[in-house]
Amino acid sequence: MARLVIVSNRVASPKERAAKAGGLAVALREALGRQGGLWFGWSGETEVNPPTEPKIFRSGRVTYALQTLDPEEQHAHYAGYANGTLWPLCHYRLGALSYRRTDWEGYRRVNDTFARSLMPLLKPDDVVWVHDYHFIPLASALRELGFKGLIGYFHHIPWPTPDVFLTLPSHAALVEDLSQYDLVGLQTENDVRALLTYISSEARGWIAPGGVVGLKERRFRVAAYPIGIDTEAFVKDAKAAVTGEEMERLHSSLAGRTLAVGVDRLDYSKGLPNKFNAFGELLKSRPEHRSKVTMMQVAPVSRGEVAEYRALRRELEELAGAINGEYAEFDWVPLRYLNRPLARPTLAAIYRSSRIGLVTPLRDGMNLVAKEYVAAQNPKNPGVLVLSRFAGAANELSGALMVNPYDIEGMADMLDLALAMPLEERQERWRANMAVVEANTIHKWCDTFLDDLAHTVDRLGELPEHSRAAARQ
Ligand code: ADQ
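Quantities reported herein were computed from a predicted structural model and do not represent experimental measurements.

## A few points about the domain arrangement of the protein chain
Line of reasoning, step 1. According to the domain assignment, the protein chain consists of domain 1 (4-228 + 444-464) and domain 2 (231-439).
Line of reasoning, step 2. Each of domain 1 and domain 2 was reduced to a C-alpha centroid, and the two centroids are 31 Å apart.
Line of reasoning, step 3. Together domain 1 and domain 2 conceal approximately 1,800 Å² of surface at their shared face, both sides included; 59% is due to carbon and sulfur atoms.
Line of reasoning, step 4. Where domain 1 meets domain 2, there are zero salt bridges.
Line of reasoning, step 5. Between the two partners, domain 1 and domain 2, sit six residue pairs in polar contact (both at pLDDT 80 or more).
Line of reasoning, step 6. The dominant element in the side of domain 1 that touches domain 2, judged by the number of residues it contributes, is helix α2 (residues 71-90), at five residues.

## Description of the confidence of the model for the protein chain
Parts of the prediction with low pLDDT should not have their coordinates interpreted in detail.
Line of reasoning, step 1. Here the protein chain averages 93 in pLDDT, and 95% of its residues register 70 or above.
Line of reasoning, step 2. Low confidence marks residues 464-473, where pLDDT is under 50. Its contacts with residues over four positions away, or in another chain, come to eleven contacts.

## Thoughts on empty space enclosed by the protein
Line of reasoning, step 1. Applying the stated criterion across every chain yields a total of two cavities of 30 Å³ or more.
Line of reasoning, step 2. The calculated volume of the largest cavity comes to roughly 70 Å³.
Line of reasoning, step 3. In this structure, the largest cavity is lined by Tyr-373, Val-374, Gln-377, Gly-383, Val-384, Leu-385, Gly-399, Arg-426, Arg-429, Trp-430 and Asn-433.
Line of reasoning, step 4. Sorting the residues of the lining of the largest cavity by element identifies α13 (368-375), β15 (384-388) and α15 (423-439) as the ones contributing at least two each.
Line of reasoning, step 5. In terms of residue count, the dominant contributor to the lining of the largest cavity is α15 (four residues).
Line of reasoning, step 6. Here the lining of the largest cavity is composed, by residue class, of five nonpolar, four polar and two charged.
Line of reasoning, step 7. Reported here for the second largest cavity is a volume of approximately 30 Å³.
Line of reasoning, step 8. Elements with a minimum of two residues in the lining of the second largest cavity: α10 (272-285), β12 (293-298), β14 (356-359) and α14 (408-420).

## Here we look at the packing of helix α9 (residues 245-254) against helix α12 (residues 344-353)
Line of reasoning, step 1. In the contact formed by α9 and α12, the axes pass within 10 Å of each other and the chain directions differ by 40 degrees. It follows that α9 is oblique to α12 by the angle criterion. Here α9 and α12 pass one another in a crossing that is right-handed. Of α12, the residues touching α9 (which contributes Glu-246, Met-247, Leu-250 and His-251) are Thr-346, Ala-349, Ile-350, Arg-352 and Ser-353.
Line of reasoning, step 2. Taken together, the residues of the contact of α9 with α12 break down into four nonpolar, three polar and two charged.

## Some details on the packing of α13 against α15
Line of reasoning, step 1. Two elements in contact, α13 and α15, have axes separated by 9 Å at closest approach and are oriented at 115 degrees. Comparing their axes, α15 and α13 come out roughly perpendicular. Every pair of crossing elements has a handedness; the one defined by α13 and α15 is left-handed. From α13, Lys-371, Val-374 and Ala-375 reach across to α15, where they touch Trp-430, Asn-433, Met-434 and Val-437.
Line of reasoning, step 2. Residues of the contact of α13 with α15, tallied by class, amount to five nonpolar, one polar and one charged.

Scoring rules and cut-offs
Here, residues in each chain are numbered from 1, in the same order as that chain's written sequence. Side-chain atom pairs in this predicted model are given and counted only at pLDDT of 80 or more, local residue features only at pLDDT of at least 70, and totals for whole chains, interfaces and linings cover all residues. To obtain the side-chain values, all non-hydrogen atoms of the structure were included, while hydrogens and water were left out. Segment limits for the domains were obtained from an automatic or database-derived domain assignment. The buried area of a pairing is the accessible area, by a 1.4 Å probe, that goes missing from both parts when the two are put together, added over both. Between Lys or Arg on one side and Asp or Glu on the other, a salt bridge is scored when a side-chain nitrogen of the former is within 4 Å of a carboxyl oxygen of the latter. Here a polar contact is recorded for every N or O atom pair within 3.5 Å, except that within protein the pair must consist of a potential hydrogen donor and a potential acceptor, and residues adjacent in sequence are included only if both atoms are side-chain atoms. A helix here means a DSSP run of H or I that spans at least four residues, while a strand means a run of E at least two residues long, and both kinds are numbered starting from the N terminus. Note on scores: pLDDT gives the predictor's confidence for each residue, bounded by 0 and 100. Residues count as neighbours in contact if any of their non-hydrogen atoms are within 4.5 Å of one another. Lining residues are those with an atom within 4 Å of a point, where the points come from a 1 Å grid over the protein atoms alone and group into cavities, where a 1.4 Å probe fits but cannot get out, or pockets, open sets with protein on both sides within 12 Å along at least five of seven lines. Grid points are joined across faces, edges and corners, and a volume is the space filled by probe spheres set on the points. Think of it as three bins: nonpolar holds Ala, Val, Leu, Ile, Met, Phe, Trp, Tyr, Cys and Pro, charged holds Asp, Glu, Lys and Arg, and polar takes everything else, Gly as well. Fitted lines through C-alpha atoms serve as axes, helices being fitted only where they are in contact, and the angles separating the N-to-C directions of these axes extend from 0 to 180 degrees. Orientation is classified from the angle alone, with under 35 degrees giving roughly parallel, over 145 giving roughly antiparallel, 65 to 115 giving roughly perpendicular, and any other angle giving oblique. For a crossing to be left-handed, the near helix must be turned anticlockwise from the far one by less than a right angle; the clockwise case is right-handed.

Following this line, the structure appears as structure tokens:
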């Protein structure tokens, strides 16, 4: 079996226990552990004139290789092009998009640096799996250095429609970079359609059945791989939480009130102001819920170095203050707003205690919180998932109450409906959602992608001989 090499910006430390590491980190670590492998990424450190070789250490069957970056380069790569340009672009936030050539050049230089650092560690038959928008040019850079093996790419965030994608000055170069992969995985069929439409209508590529793409002399595949969660672990944690001390504390603090929960990184794609406003609207237009429903929003701060994120934090503090100032009673605070991460068992306990899971992104590749909320429910008395139609998860979780996060009054209506929903309907909707969450776990996602990557060249092999030769170039 070929060795697996995973590349991601942040590498989950082997010391991070499963309860703290995300489901993705756990699944990737498992895949690496199964066949032995290498996990490569940024060390999280910057240094002027950094060493050209990564720090290497081993844990079990996994080797970790972490590259340190120059601070200016790292800034152009991470805060600049990745999170100042690509993130807003892929989330349809053109107003928040900034584009500077220096960032684009820094982004590519950092990818060259990563490729030069990784290349000496690669064996010819390694299978390389690259994660996310920080690394789109990595395959090009590795090919330049002579790597001919299989390289797959998974894009965790949405792929924008051609009209939106065309606003990116470097759109053509970025898609040429993508073509250096053998398999490009996206979250949903919508994302696949968006990328393939761009390729056929703007880049003069051709599309064959099965998502096989021809672009210039390259052949590669584009397909949807909707990501899942570690369902079993969530169910286990949620069941264990029932008798836990944290559950007790939560319940006594609620004093019999109904809980609605939101859990998101503090990010402008997550529709947090819209969610707060919808809750405010519910309390305003339906006074019968005052003093009866508490909303908890857990939103750990992320990307504090990017200006938009600091502005969002201030906006949310103001909104939360305004809602609490307007409606709080001496013994009831309507909105509990926390800016810190919580351990998975605590999250599971909160999800399970919440009558409503409120997930309202303006755009989201998938949104794992929606799936975690479903997995954590008590089948005998499940809560209701209220889900934005603009989350990738909306394609799968048909049992959710779908909302448009731009429609604040519409969301308040749905909250009202969820609060009044009879047990039978809640169970029916939950069963439909849970069937999906159980069938499509993170482990299955991982295996399916890697299996398809291993067989990509066979698929390309269904093409005429001359295309096959090109695909191997
Ligand atoms: P994110 O934008 O980070 O991921 P999401 O899919 O919701 O969004 O994943 C967040 C993860 O962080 C969840 O597992 C959640 O439990 C955890 N988390 C959030 N807040 C937390 C808190 N306060 N404490 C502890 N854990 C917390 C990107 C894309 C998504 C895509 C994922 C995976 O933006 O669309 O679903 O990658 O591909």
